[in-house]
Amino acid sequence: ANRVPEAALQLEEIIKSYPQAPLAANASFDLAAAYCRMGNVREALKYYASIAEDSTGIFADRAQFRIAKIYETTLRDSSKAVQEYENFLARFPNSIYQEKVRHILRKMLDNNS
């Protein structure tokens, strides 16, 4: 049985009940991923965006990366994906994903020229 919707509801409950808890960011990240798996891209993007907003958050860079990835692969919106990857490079200069994002961006820009 597919338990993703059930898990999503439980994660939402945790986030609403304990927004300041250390695991709330973790729960939000997992919830965004669950929405992605359920095909609810709009909700996934909303949760990833709220995580990415806090540049000091432990999942901020990963959330920004996922936003760009969703635009690139799921929504197939190259210009928005490029914008989100560039946003990533500007906002998270020390991220471990910097090289990966640069590589993806180079490939995307080469394909568009």
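Refer to the structure printed above.
Within every chain, residues take consecutive numbers counted from 1 along the sequence as written. Only residues with pLDDT of at least 70 get local features here, since the model is predicted, and only at 80 or more are side-chain atom pairs given and counted; chain-wide, interface and lining totals rely on the full set of residues. The side-chain quantities take in all heavy atoms of the structure and omit both hydrogens and water.

What follows is about the side chain of glutamate 12. Only DSSP runs of H or I covering at least 4 residues are called helices, and only runs of E covering at least 2 are called strands; the numbering of each starts at the N terminus. In this fold, glutamate 12 is placed in helix α1 (residues 4-17). Whether a residue is buried, partly exposed or exposed follows from its accessible area with a 1.4 Å probe, protein chains only, as a fraction of its type maximum: under 20%, in between, or over 50%, in that order. Charged residues are defined narrowly, with Lys and Arg counted positive, Asp and Glu counted negative, and His plus the chain ends left uncounted. Salt bridges are identified by distance alone: a Lys or Arg side-chain nitrogen within 4 Å of an Asp or Glu carboxyl oxygen. The charged side chain of glutamate 12 is buried without a salt bridge, its nearest counter-charge being lysine 16 at 4.3 Å. Side-chain atoms alone can form a polar contact between residues adjacent in sequence; in general such a contact is a pair of N or O atoms within 3.5 Å, and within protein one must be able to donate a hydrogen while the other accepts it. Separated by 2.2 Å, the side chains of glutamate 12 and tyrosine 35 make a polar contact.

Counting across every chain of the model gives four salt bridges. Note that glutamate 43 and lysine 46 form a salt bridge whose closest N and O atoms lie 3.2 Å from each other. In this pair, glutamate 43 and lysine 46 are both assigned in helix α3 (residues 41-53), three residues apart and thus about one turn of the helix distant. Looking at glutamate 43, the relative accessible area reads 13%, which means it is buried. Since its relative accessible area comes to 47%, lysine 46 is described here as partly exposed. Where glutamate 72 meets lysine 69, a salt bridge forms, and the shortest distance between an N and an O atom there is 3.3 Å. Of this pair, glutamate 72 and lysine 69 are both found in helix α4 (residues 60-74), three residues apart, which corresponds to roughly one turn of the helix.

Its location among the elements puts methionine 38 in helix α2 (residues 22-38). For methionine 38, a relative accessible area of 32% translates into the label partly exposed. Sequence-wise, methionine 38 and alanine 90 are 52 residues apart; in three dimensions their C-alpha atoms are separated by 31 Å. We call two residues contacting when some pair of their heavy atoms lies within 4.5 Å. Residues contacting methionine 38, with those up to four places away along its chain left out, are Val4, Pro5 and Ala8.

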